Amino acid sequence: MSHGEHAPVLDDRQGPPHIHHMDPPTAYHAAKFGMWLFLATELLLFGVMFAAFGIFRWKYFEEFHKASKHLNWMLGAANTAVLLTSSYFAAMAVDHAQHGRNKKVLSSLGITIGCAVGFLVIKTIEYSEKYHHGYFPGGENFHQYKTFLPLYFCMTGIHALHVIIGMGLLGWVASLAAKNRFSERYYTPVEVGALYWHLVDLIWIYLFPLLYLVG
Amino acid sequence: MGHSTGSGGHSELGHIVPLKVYRTVLAILLVLTFITVAVAQFDFGNMNLVVAMVVASVKAALVALFFMHLKYENPITWLYAAIPIFLLGLLLGGVFIDDPFRISPQDAVVAAAPAEKVADDHGHH
């Protein structure tokens, strides 16, 4: 694409990049709809794990009940607040982009990514706690909760992977904002990136009470 | 598609949500998180799970409707947001109709009425 005569120009507030055979509003709505489609598959990816959690909780209720008491709900609640705040700033980034305020897009996304780092730091504290008490796979106490713990690590691990991917995605969007790429007429990457981030938040909204509180 | 607010008139792109909405939604989400944690400190048996999931669903709906702008989206986006929820319902429904009523081969050999025991155990929660 970069070799074509229609390569996007990086001037200030240039408007949407030129895409053949598609007017900018159509391209905007197509991109957004594409992300919604992808999010639908993401929901099903986690949905399978939620179904597994549900059925094993039903079968091994005592184990799940006891095991969830070993999780630090205060750290879980803190991480919930951190992610909700990060989502708010992602939404703010979209608003700033819709008004063509690139610097504010950059700072809002900076706060979102900062919250994501905070989330991962707290998650690392939790994981290392589990490791030191032998609840990691291969640890000496792992067998006590051998149904709950694999689900816990699988669900939170894949969620954390999404947090890391989201950080990369929003980092890329922020780099575009730093180049003044967004305007009232073009802010598709901000909106689509924020959509992905909100889903990461949305999944955690269910993970937190399921794993930490009701077990 | 958006009904443009203010003087902009770029209604062919997305809806611009008033900032007050974002702030209110964040406040409600944080309050609901507090409620979830507070309720979990008491033992209401299986009602704990019900309350936690209802509150979580309210939070998820708020995030989807306002942060993700679903409230202002077209019907086709609503449809594709609803499809995975429907499929998830099918999966959960099917699993819970099937699995709890299965009798494992060991149980069938060891005891005559294992199903009753399972049902009993569950009744106490």
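Please read all numbers here as calculations on a predicted model, not as lab measurements.

## Notes on the overall build of chain A
Link 1 in the chain: The number of helices and strands found in chain A is six helices and zero strands.
Link 2 in the chain: Its helices and strands taken in sequence order, chain A reads α-α-α-α-α-α from the N to the C terminus.
Link 3 in the chain: Considered along the principal axes of its C-alpha atoms, chain A spans approximately 65 × 30 × 30 Å.
Link 4 in the chain: Looking at the 215 residues of chain A, the share that counts as buried comes to 40%.
Link 5 in the chain: Put simply, 78% of the contacts in chain A that link residues at least 6 apart link residues at least 24 apart.

## Comments concerning helix α5 (residues 148–178) of chain A
Along an α-helix, residues three or four positions apart point the same way, because every turn accommodates 3.6 residues.
Link 1 in the chain: In this model α5 of chain A runs 44 Å from its N-terminal to its C-terminal C-alpha over 31 residues, within 8% of the 45 Å that 1.5 Å per residue would give.
Link 2 in the chain: The positive-phi residue at the C-terminal boundary of α5 of chain A is Asn180 of chain A, with phi of around 60 degrees.

## Overview of the environment of Tyr28 of chain A
Link 1 in the chain: Along the chain, Tyr28 of chain A falls in helix α1 (residues 24–59).
Link 2 in the chain: Note: C-alpha distance between Tyr28 of chain A and Met49 of chain A (21 residues apart in sequence) is 32 Å.
Link 3 in the chain: Sequence-distant contacts of Tyr28 of chain A, defined by excluding residues within four places in its chain, comprise Thr188 of chain A together with Leu13 of chain B.

## Here's the deal with the interface of chain B and chain A
Link 1 in the chain: Across the boundary between the two partners, chain B contributes 39 residues, which contact 37 residues of chain A.
Link 2 in the chain: When residues of the side of chain B that touches chain A are traced back to their parent elements, those giving at least two are α1 (19–40), α2 (47–67) and α3 (75–98) of chain B.
Link 3 in the chain: Sorting elements by how many residues they give to the side of chain B that touches chain A places α3 of chain B first, with 10 residues.
Link 4 in the chain: Broken down by class, the residue content of the side of chain B that touches chain A amounts to 28 nonpolar, eight polar and three charged.

## Description of α2 of chain B
Residue and element names in this part refer to chain B.
Link 1 in the chain: In this model α2 runs 29 Å from its N-terminal to its C-terminal C-alpha over 21 residues, within 8% of the 30 Å that 1.5 Å per residue would give.
Link 2 in the chain: Residues of α2 that are buried include every one of Asn48, Ala52, Ala56, Lys59, Leu62, Val63, Phe66 and Phe67, and no others. Angular distribution of buried residues about the axis of α2 spans 120 degrees; they occupy a single face of the element. In α2, the exposed residues that point more than 90 degrees away from the buried face are Met47, Val50, Val54 and Ser57.

## Comments concerning the domain arrangement of chain B
Link 1 in the chain: Taken as a whole, chain B is organised into domain 1 (1–73) and domain 2 (75–125).
Link 2 in the chain: Taken together, the residues of the side of domain 1 of chain B that touches domain 2 of chain B sort by class into two nonpolar, two polar and one charged.

## Considering unusual backbone geometry
Link 1 in the chain: Look at Asn180 of chain A: it is not a glycine, yet its phi comes out positive at around 60 degrees.
Link 2 in the chain: For Asn180 of chain A, the position within the fold is in the loop between α5 and α6 (188–214).
Link 3 in the chain: C-beta crowding within 10 Å serves as the criterion here: with 17 such atoms nearby, Asn180 of chain A is assigned to the partly exposed category.
Link 4 in the chain: Of note, the phi angle at His69 of chain B is positive, near 65 degrees, even though the residue is not glycine.

## Digging into the nonpolar core
Most often, soluble globular proteins have nonpolar side chains that are buried together.
Link 1 in the chain: Ranked by internal contacts, the top residues of the largest apolar core, which has 73 residues, are Ala93, Leu109 and Val190 of chain A.
Link 2 in the chain: Only α1, α2 (61–69), α3 (73–98), α4 (102–132), α5 and α6 of chain A together with α1 and α2 of chain B provide two or more residues apiece to this core.
Link 3 in the chain: The residues touching Leu109 of chain A, leaving out its near neighbours within four places in the chain, are Ala93, Leu170, Val173, Ala174 and Ala177 of chain A.

## Focus: the packing of α3 of chain A against α6 of chain A
Residues and elements named next belong to chain A.
Link 1 in the chain: One can describe the packing of α3 onto α6 by two numbers: an axis separation of 9 Å at closest approach and a directional angle of 165 degrees. As judged from the angle between their axes, α3 and α6 are roughly antiparallel. As for the relative orientation of α3 and α6, their crossing is left-handed in sense. On α6, the residues touching Trp73, Gly76, Thr80, Leu83, Leu84, Ser86, Ser87, Ala90, Ala91, Ala93, Val94 and Ala97 of α3 are Val190, Glu191, Ala194, Trp197, His198, Asp201, Trp204, Phe208, Tyr212 and Leu213.
Link 2 in the chain: A class-by-class count of the residues in the contact of α3 with α6 yields 15 nonpolar, five polar and two charged.

## Observations concerning the environment of Tyr80 of chain B
Link 1 in the chain: Tracing the sequence through the fold places Tyr80 of chain B in helix α3.
Link 2 in the chain: Residue contacts for Tyr80 of chain B: discarding those within four places in its chain leaves Trp36, Leu37 and Ala40 of chain A.

## Section: the environment of Phe153 of chain A
All names here are of chain A.
Link 1 in the chain: You can see Phe153 is positioned in helix α5.
Link 2 in the chain: C-beta crowding within 10 Å serves as the criterion here: with 17 such atoms nearby, Phe153 is assigned to the partly exposed category.
Link 3 in the chain: Taking the C-alpha atoms as reference, Phe153 lies 39 Å from Lys179; in sequence the two are 26 residues apart.

## Some words on the confidence of the model for chain A
Link 1 in the chain: Residues with a pLDDT of 70 or more make up 92% of chain A, whose mean pLDDT is 91.
Link 2 in the chain: Low pLDDT, under 50, characterises residues 1–5 of chain A; the stretch is placed with two contacts to residues that sit more than four places away or in other chains.

Rules of the game
Residues numbered from 1 in each chain as written. Chains lettered and ligands numbered in written order. Predicted model: local features only at pLDDT ≥ 70, side-chain atom pairs only at ≥ 80, totals over all residues. Helix = DSSP H or I, 4+ residues; strand = E, 2+ residues; numbered from the N terminus. Buried ≥ 20, exposed ≤ 12 C-beta atoms within 10 Å, placed from the backbone. Contact = placed C-beta atoms within 7 Å. Expected span 1.5 Å × (residues − 1). Nonpolar A, V, L, I, M, F, W, Y, C, P; charged D, E, K, R; others polar. Arc of directions from axis to C-beta. Domains from an automatic or database assignment. Core = buried A, V, L, I, M, F, W, Y, C linked by C-beta atoms within 7 Å. Axes fitted to C-alpha atoms, helices over the stretch in contact; angles between N-to-C directions. Parallel < 35°, antiparallel > 145°, perpendicular 65-115°, else oblique. Left-handed = near helix turned anticlockwise from the far one by under 90°. pLDDT = per-residue confidence, 0-100.

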